[in-house]
Amino acid sequence: MKDTVSKKDPINVRRIIVMTLVIFLPSCLSSERPDVEIRGIYGHPKPFWEQGINLKDLGVNAVFVHSGAIDQEMVSRARGEGLRIFAEFATLNGKNYVESHPESWAINHKGEKVEAATWFMGVCPTEPGFREYRFTQLRKLLQEFELDGVWMDYVHWHAQFEDPQPVLPETCFCDHCLDKFTADTGVQPPDGTTREKAAWILTNSDPLWRDWRCKVIVEWATELKSILKQEQPEALLGLYHCPWQDHEFEGASRRILGLDYDLLGDVIDVFSPMVYHGRMERSPQWVGANIDWFSQRLNIQKDKGPKIWSIVQAYDDPRIISAAEFETVLRGGLSGKSTGVMMFTSNAVAEDKEKIAIMRQLYSSLKQSN
Ligand SMILES: [Zn+2]
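All residue numbers refer to positions counted from 1 along the written sequence of the respective chain. Note on the predicted model: pLDDT of at least 70 is required for a residue's local features to be given, and 80 or more for side-chain atom pairs to be given and counted; whole-chain, interface and lining totals, by contrast, use all residues.

**Q** What should I look at first to understand the confidence of the model for the protein chain in this one?
**A** In regions of low pLDDT, the predicted coordinates are not meant to be interpreted in detail. Scored by pLDDT, the protein chain comes out at a mean of 92, with 91% of its residues at no less than 70. Note on residues 1-11: pLDDT is under 50 here. Beyond four places in sequence and across chains, it has three contacts. For every residue, the predictor reports its confidence as pLDDT, a number between 0 and 100. Residue pairs qualify as contacts under a 7 Å threshold applied to their C-beta atoms, which are placed from the backbone. Every residue in residues 21-31 is under pLDDT 50, and counting partners more than four places away or in other chains gives 12 contacts.

See below:
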């Protein structure tokens, strides 16, 4: 029977195979990943809504939107489509802020104000005025909108990791940081210029300096979590972060950015590694491998500890991301212990019918399982 059909009508055979896959593939996928919790998009849902698309019909169940772009109309419509709403909260990025508040400008090891690292300008994380400014901003956001969580973005010392050639300066040696370092550790550099103090610290107290910098970043996460829990106890605290493995760029993830996963793991509810393969000139397969590594690195136990919800690249910059690549990275984002995925950006998917179809197929198949 099989041979007869294939000889007489090979096209029909192909059609049967395709139909079989269409019918059975979703159920196969769903049985594989009943644990997937988040089928997300990063960016305002507007580009889909303008096309008359209901996100629920694409299998999407969560939106991650920049806090400044959230308004009541968006919240109402998203809730109407059954979506969970998470606010991206730019934490230590602040070009405009440092220009109007020069006392918060990060200082490098030469005692000079740092330059913007392409589009990122990190603010000094210990400057009291800036801290107060951000904490107040978060509280106001939470008092205005009911959210499912807040995702901190740019939580690291001044640097740029999203480009193929990262910018990784030594910071911050401003008076606030030097004073706090001494107060917290008891290490007192000899009198001298900022440049001399920085050189002394990096020569004589490098491990303590790196540890202290990591603790400053954890303190930010702890402060923001405290505000979050006071205002909305059920909401989650997430972190968008650099995906580098510990050894990459001479350990720059901890050494320069100040990310200590062992410490952060006690505070962060959900980690969202920014596995932007196109921007970082990696292969699409790197995404899955990286999430596998990170799952091991966090040592996630079932139903315990932080979760991983990855963010992958759909955006055509600095090169075109094909629909096939997009599928690979979207699936890769769910590797290891990851229980959620979203893409940068909603607009990049909405403007490409093939990418919409890929997202719909994967998300709809996962939807059957939860
Ligand atoms: Zn500083």
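**Q** Please explain the packing of helix H12 (residues 284-298) against helix H13 (residues 323-332) as it appears in this structure.
**A** The geometry of H12 relative to H13 is characterised by a closest axis approach of 8 Å and an angle of 0° between their N-to-C directions. It follows that H12 is roughly parallel to H13 by the angle criterion. Contacts from Pro284, Gln285, Val287, Gly288 and Ile291 in H12 reach Glu325, Thr328, Val329 and Gly332 in H13. Any residue outside Ala, Val, Leu, Ile, Met, Phe, Trp, Tyr, Cys, Pro, Asp, Glu, Lys and Arg is labelled polar, Gly included; the first ten of those are nonpolar and the last four are charged. Its residues assigned to classes, the contact of H12 with H13 comprises four nonpolar, four polar and one charged. Axis definition: a line fitted to C-alpha atoms, over the contacting stretch in the case of helices. Angles run 0 to 180 degrees between N-to-C directions. The helix and strand labels rest on DSSP assignments: H or I over at least four residues marks a helix, E over at least two residues marks a strand, and numbering proceeds from the N terminus. For classification purposes, an angle smaller than 35 degrees is called roughly parallel, one larger than 145 roughly antiparallel, one from 65 to 115 roughly perpendicular, and anything else oblique.

**Q** When you look at the pairing of strand S7 (residues 307-313) in this model, what are you seeing that I'm missing?
**A** The buried fraction of S7 is high, at seven of seven residues. Along S7, one buried face is formed by Lys307, Trp309, Ile311 and Gln313 and the opposite face, lined by Ile308, Ser310 and Val312, is buried too. Sheet topology places strand S6 (residues 270-275) next to S7; four bridges connect them, and they run parallel. What sits directly across from Phe271, in S7, is Ile308. Strands are treated as partners if at least two bridges between them are detected by DSSP. Bridge count between S7 and strand S8 (residues 340-344): five bridges; the pairing is parallel. Counterpart to Val312 in the pairing with S8 is Met343. Taken together, S7, H13 and S8 form a β-α-β motif whose crossover is right-handed. Burial is judged by counting other C-beta atoms within 10 Å of a residue's own C-beta: 20 or more means buried, 12 or fewer means exposed, and anything between counts as partly exposed, with every C-beta placed from the backbone. Handedness rule for crossovers: strands pointing away from the viewer, path from the first strand over the helix to the second running clockwise, crossover right-handed.

**Q** Where do I start with the packing of H13 against helix H15 (residues 353-367) in this structure?
**A** Helix-helix packing is described using two parameters, namely the angle between the two axes and the distance between the axes. Contact geometry of H13 with H15 gives a least axis separation of 9 Å together with a crossing angle of 30°. Of the possible angle classes, the one that applies to H13 and H15 is roughly parallel. The two elements H13 and H15 meet at a crossing, and its hand is right-handed. The segment H13 lies against H15, with Ala323, Phe326, Glu327, Leu330 and Arg331 engaging Glu354, Lys355, Ile358, Met359 and Leu362. The residue inventory of the contact of H13 with H15, partitioned by class, reads six nonpolar, no polar and four charged. Take the far helix as your reference; a near helix turned counterclockwise from it by less than a right angle gives a left-handed crossing, and one turned clockwise gives a right-handed crossing.

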